[in-house]
Amino acid sequence: MLNEKPTLKSTGKALLYLLPMLIITITFNIYPILKSFIMSFYTKYDFFRDIVSQYGFDNFKFLFSDPDFHIAVKNTLIFVIGVVPLTVIISLAIALLLNRITWLSGLFRTVYFLPFVTSTVAIAQVWHWIYNGDYGLLNYFLSFFGVNAISWLESPHYAMLALIIMSVWKNLGFNIVLFLVGLNNINERYYQAAKIDGANTWHQFTNVTVPLLSPITFLVSVNGVIGSFKVFDEIFALFNGTPGPSKSALTIVYYLYQKFYTEWKYGIAAASGVVLFFMILLVTVFQLWYSKRHVHY
Amino acid sequence: MEVTFKDVSLSYDGSREILHRLNFTIPEGTLVSILGPSGCGKSTTLMMISGLLAPTSGHIFFGDEDVTKQDALQRKVGMVFQNYALYPHLKVLDNIMFPLKMAKVPKAERREKAIKLAKLVHVDDQLDKKPGSLSGGQQQRVAIARALAKEPSLLLLDEPLSNLDARLRIEMRQEIRRIQQETGVTTIFVTHDQDEALHISDHIMVLNSGKIQQFSSAETLYDNPSNLFIAQFIGEPVINTIDIEDFDDELTDHVDAEILKRAKKVGIRPEALQDHDTGADTLATITTKVKTFEKFGREKNALLDFHGKRLLTTEIEAELAEGQELPLYLQKSGFYLFDQEGTRIFGGDQDVE
Ligand SMILES: Nc1ncnc2c1ncn2[C@@H]1O[C@H](COP(=O)(O)OP(=O)(O)OP(=O)(O)O)[C@@H](O)[C@H]1O
Ligand SMILES: [Mg+2]
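Residues numbered from 1 in each chain as written. Chains lettered and ligands numbered in written order. Predicted model: local features only at pLDDT ≥ 70, side-chain atom pairs only at ≥ 80, totals over all residues. Heavy atoms only, no water.

Observations concerning the overall build of chain A
Heads up, the rule is: The helix count covers DSSP runs of H or I at least four residues long, the strand count covers runs of E at least two residues long, and both are numbered beginning at the N terminus. Remark: exposure states derive from per-residue accessible area (1.4 Å probe, protein chains only) relative to the maximum for the residue type, with buried under 20%, exposed over 50%, and partly exposed in between. Contacts are residue-level and defined by heavy atoms, with any inter-residue pair within 4.5 Å sufficient. We get accessible surface area from the Shrake-Rupley algorithm with a probe of 1.4 Å; when it comes to residues, only the shown protein chains can shield them. In this charge count, Lys and Arg are treated as positive and Asp and Glu as negative; neither His nor the chain ends contribute. Charged groups are reduced to one reference atom each: NZ for lysine, CZ for arginine, CG for aspartic acid, CD for glutamic acid.
Of regular secondary structure, chain A possesses twelve helices and two strands. Going from N to C terminus, chain A has its helices and strands arranged as α-β-β-α-α-α-α-α-α-α-α-α-α-α. Judged by the C-alpha coordinates and their principal axes, chain A covers about 75 × 70 × 30 Å. Each of the 297 residues in chain A was classed as buried or not, and the buried ones make up 41%. Taking as baseline every contact in chain A between residues at least 6 positions apart, the subset at least 24 positions apart corresponds to 66%. As displayed, chain A offers around 17700 Å² of accessible surface, 70% of which is attributable to carbon and sulfur atoms. Distance between charge centroids for chain A: 11 Å, based on 19 positive and 13 negative side chains.

Listed below in structure tokens is the structure:
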């Protein structure tokens, strides 16, 4: 029934359906999240005997005064702001073009989708060569425009840019596919009506495509923001297990990784995770609020 | 604006032709209905006039100008789509204002005009709703308002009233007629409802299986159907159709022998079967047997048996008993003969196309 009211019985039934997934989620998602929240307040902790002798805010205090953490937050924000808009715009543009052509469209779709199914490490190896200061394709290409050779991966000025370019490229495949699905779902009749109403190609794009595609754009950008905040493996692979020259690609998750695995400061690692969690939450809530007003379902 | 089709054909997939060499002229300032059964190509014809669809061959003229190569943007017609095609993300008011926005009309003026149009089609209490939460009929009316908003010189309506109830339908069709006569906008109105077409239009184009069957006034369609399809399609109740072989020699003295030889089908309108002699208007007499006789108020219908075939008449004056013998007088008007191809070869006014 469309207008059925929830009853005790129907709610119980729903819970039963959800139970298998709930158990998995609670064990592997909810519990670790709670645990790391609690862990971020451990100030004296004996790892070998799992004894906590003191709780407090010391870990957070440390983070706020640690210059490395400041760098990590700054780099993460630069990365998110660099990657997400570029990903959305470029994948939308490519999807629009792919949607137009019929010639070899299947092949092109596959080609663009490949980065998504390829391992990050392999991708990073390829880009490692592209970025090579002496023999790299990118510098070779830029030399046609009279640009002097840039040491992409060795210079602190260019390392973040190199990381962003590679990440955008890697994100394209999946997002193009999402946009293609969205474009296919827009009924041709709205374009016909718009033409009759005097809308040229640009106005059709802004008045029909953009609003009717907004649910997908929203999905792509929320997904992109969350994914970009958590960036780690791209850095690890591209800079051979370092956070870039002079920490120029040190992000929050990389910081967390260092604290946890190399310095064994579990409390501080957990605290940085909590900070990241709230940053993502804040941005996502903002996106949700924005979508209420601008996304048309 | 006058619209002319010259040998226009269309095929969607390049193999199956949907419309075959259409030739017609819609005079400026008239309201023309395109009438025909489902799937005969009415919407397709409209799409070609609007410029959304290019003909496979042939030429389309607006006035003297050949617009075959122009797209919908350049042709600037107003159109109500069969499926309304309202923008789902825009409120009713914004939907109506959209063509004005594209025409860069100032905002205040846009609003004022849109509200006026909304009042005209009775949706002024729905302005803040999205199309998704309107009834089919309301959506249809919003679509009409949107098409009228830009004051086109050519208005195309694809079954714009199909979702309205009987009363609103009559009201809206009078409204469309009024707007058309007031503004003088050339209007092409697609419908499969003959009653609607007969009431609203100056001329009716009847389309069947991708060909124009007849293009004339409503009266001519009824009195001088050019073929069997038109005769059967127009008129309520439907014309009686029987084979020429069903007659013995009732027609021999009244119809030219040459014509009788070519004739294949006989069409007799129900009102052309009178139960009394009308003198000069009578063409021939036949003898029938009453099968059923019904009275609804002033209306008297009789279903008759004629050489084993059924005939319906609406023109009985006397009271009849079932099973009784009844001589009937075939009237000259409303009696037609059609040849093998279905072309009318006798009856009506042979000179009228
Ligand atoms: N986009 C299309 N691609 C291929 N064939 C089509 C397309 N649109 C319509 N047709 C075919 O063209 C023929 C005419 O269709 P059209 O929509 O013009 O009919 P119509 O007269 O408007 O019918 P209705 O009264 O049901 O709306 C039909 O046989 C239909 O199957
Ligand atoms: Mg149609």
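Overview of the packing of helix α3 (residues 92-102) of chain B against helix α4 (residues 107-120) of chain B
Residue and element names in this part refer to chain B. As a reminder of what qualifies: Interaxial angle, 0 to 180 degrees, is taken between N-to-C directions of lines fitted to C-alpha atoms, where a helix line uses only the stretch in contact. For classification purposes, an angle smaller than 35 degrees is called roughly parallel, one larger than 145 roughly antiparallel, one from 65 to 115 roughly perpendicular, and anything else oblique. Helix crossings fall into two classes, left-handed where the near helix is turned counterclockwise from the far one by less than a right angle and right-handed where it is turned clockwise. Residue type decides the class: Asp, Glu, Lys and Arg count as charged, Ala, Val, Leu, Ile, Met, Phe, Trp, Tyr, Cys and Pro as nonpolar, and the leftover types, Gly among them, as polar.
Contact geometry for α3 and α4: axes closest at 9 Å, N-to-C directions at 130°. Viewed along their axes, α3 and α4 adopt a mutual orientation that is oblique. Two packed elements cross with a definite hand, and for α3 against α4 that hand is right-handed. Facing α3, whose interface residues are Leu-93, Ile-96, Met-97, Leu-100 and Lys-101, α4 presents Arg-110, Arg-111, Lys-113, Ala-114, Ile-115, Leu-117 and Ala-118. Of the residues belonging to the contact of α3 with α4, the class tally is eight nonpolar, no polar and four charged.

A short note on the pairing of strand β14 (residues 282-296) of chain B
All names here are of chain B. So the rule is basically this: In short, DSSP must find at least two bridges between two strands for them to pair.
Alignment of β14 against strand β17 (residues 325-331), held across seven bridges, turns out to be antiparallel. Of the residues in β17, the one forming a bridge with Thr-287 is Pro-327. What sits between β14 and strand β15 (residues 299-306) in their antiparallel hairpin is a turn of two residues, with Gly-297 showing a positive phi close to 55°.

Digging into the packing of helix α2 (residues 58-65) of chain A against helix α3 (residues 67-100) of chain A
Residue and element names in this part refer to chain A. As a packed pair, α2 and α3 sit with axes 5 Å apart at the nearest point and diverge in direction by 75°. Classified by the interaxial angle, the pair formed by α2 and α3 is roughly perpendicular. On α3, the residues touching Leu-63, Phe-64 and Ser-65 of α2 are Pro-67, Phe-69 and His-70. For the contact of α2 with α3, a count of residues per class yields four nonpolar, two polar and no charged.

Considering the confidence of the model for chain A
Detailed reading of the predicted coordinates is not advisable wherever pLDDT is low. Definition in use: pLDDT is a residue-level measure of predictor confidence that goes from 0 to 100.
Per-residue confidence for chain A averages 89 on the pLDDT scale, and 99% of its residues sit at or above 70. Summarising per-element confidence for chain A, the mean pLDDT is lowest in strand β1 (residues 42-46) of chain A (79) and highest in helix α8 (residues 188-196) of chain A (94).

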